[in-house]
Every structure is written in C-alpha cells, then in structure tokens.
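Summary of the model geometry
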Amino acid sequence: MSVKDILKDKASSVLSIEEDRNVLEATQMMVGAKVGSLIVTFQGKLVGIFTERDLMRVVAKDHANLDKVKLKDVMTTQLTVAGPDEDVDDILNNMITKRFRHMPVLDGDKIIGLISIGDAVKTKLTRTQAEMSILREYMYGPH
C-alpha cells in the first residue's frame, strides 16, 4: 500500500498556517481541529511543521508570550517528507527510526497531505488483517 492509499481515507484538506503567525494562533487552530500538528508555509510553500512537541518547548521556555512568538522561530524545519507513491512500510519505518509522528506528503512541491504515525499503523493493520483472512481461507476454506 502506498501513501496515496492512506490519503484516500483522510479528509482532503490540509491544515496549514503561515510562518509569520504566532504560537497562540497555531495552538488554537490545532485544538479547534483536534490535530497534533500543522503544516507551516511561506507564500503557500512548505517551510516547516509545528507540532505538539514544538509547542511544549515554547511553553517550557516562554509560556507568557505565546501570542508574540512567531512560528518561524520555533517550528521544525528539518523535515522528512513522503511522496504519494511511497510504501507505507517505508514511511512507518522512517517515522519510528527518526522518532517523529507527522509527515507532510508532497507531489513535486505541492502539499497534498499530512499523515500521522497512527494513519500508517492503521493502514498496515488493515492490510495485515486482509492478508490473514486470505491465508485462512486458503488453508481452511471459506467459513
């Protein structure tokens, strides 16, 4: 299964925010949408990601000024991105190895989605269950 298979099951819109917005605005947006991260853009292009972990770093350092701290100063900029045709196993392995939970998906330089480690695990589990069902039917016949 590929990343585009994961994206088919998700909402088509990608939540993003411009890098000159502040941490409080980003946090309110995340809470409102019940998500753990936002794509950060500059003139519509991907420049980073702001996650719950980034928020915790800001809160620990400067909790009184969340409305003054700009995302461009605290976002994660060292990103690993996925392409739509990448295999879910590779994505999952990358997330586990590098210890992050959200991965932007790009088609060229266009942002087409954001997948979480939960999305990847769910897809892998669904695929594994389908394979097990086929094997059971092969071994024992239809039930």
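Quick summary incoming for the structure in this document. From a predicted model like this one, the values you see are computed outputs, not experimental measurements. Chains are numbered independently. Their residues run from 1 in the order of the written sequence. This being a predicted model, a pLDDT of at least 70 is required before a residue's local features are given, and a value of 80 or more before pairs of side-chain atoms are given or counted; all residues contribute to the totals for chains, interfaces and linings. To obtain the side-chain values, all non-hydrogen atoms of the structure were included, while hydrogens and water were left out.

Let us now look at the pairing of strand β4 (residues 102–107). The buried label goes to any residue with under 20% of its type's maximum accessible area, the exposed label to any with over 50%, and the partly exposed label to all in between, with areas taken from a 1.4 Å probe on protein chains only. By definition, any uninterrupted DSSP run of H or I lasting at least four residues is a helix, any uninterrupted run of E lasting at least two residues is a strand, and each is numbered from the N terminus. Burial analysis of β4 places five of its six residues in the buried class, which makes it a mostly covered element. Strands are labelled as partners when DSSP assigns at least two bridges between them. Hairpin connection from β4 to strand β5 (residues 110–116): two residues lie between these consecutive antiparallel strands, with Gly108 at a positive phi of about 70°.

In this section: the packing of helix α4 (residues 88–98) against helix α5 (residues 117–140). At a minimum axis distance of 10 Å, the contact between α4 and α5 shows a crossing angle of 140°. Classified by the angle between their axes, α4 and α5 sit oblique to one another. As α4 runs across α5, the sense of the crossing is left-handed. Packed against α4, whose contacting residues are Val88, Asp89, Leu92, Met95 and Ile96, the element α5 presents Ile117, Ala120, Val121, Thr123, Lys124 and Arg127 at the interface. Grouping the constituent residues of the contact of α4 with α5 by class yields seven nonpolar, one polar and three charged. In this analysis, axes come from line fits to C-alpha atoms, helices being fitted only over the stretch in contact, and the angle between any two N-to-C directions falls in the range 0 to 180 degrees. In these notes the angle categories are as follows: under 35 degrees is roughly parallel, over 145 is roughly antiparallel, 65 to 115 is roughly perpendicular, and the rest is oblique. Handedness of a helix crossing follows the sense of rotation of the near helix relative to the far helix, less than a right angle counterclockwise being left-handed and clockwise being right-handed. Contact definition: two residues touch when any of their heavy atoms are within 4.5 Å. The residue classification treats Ala, Val, Leu, Ile, Met, Phe, Trp, Tyr, Cys and Pro as nonpolar and Asp, Glu, Lys and Arg as charged. All others, Gly included, are polar.

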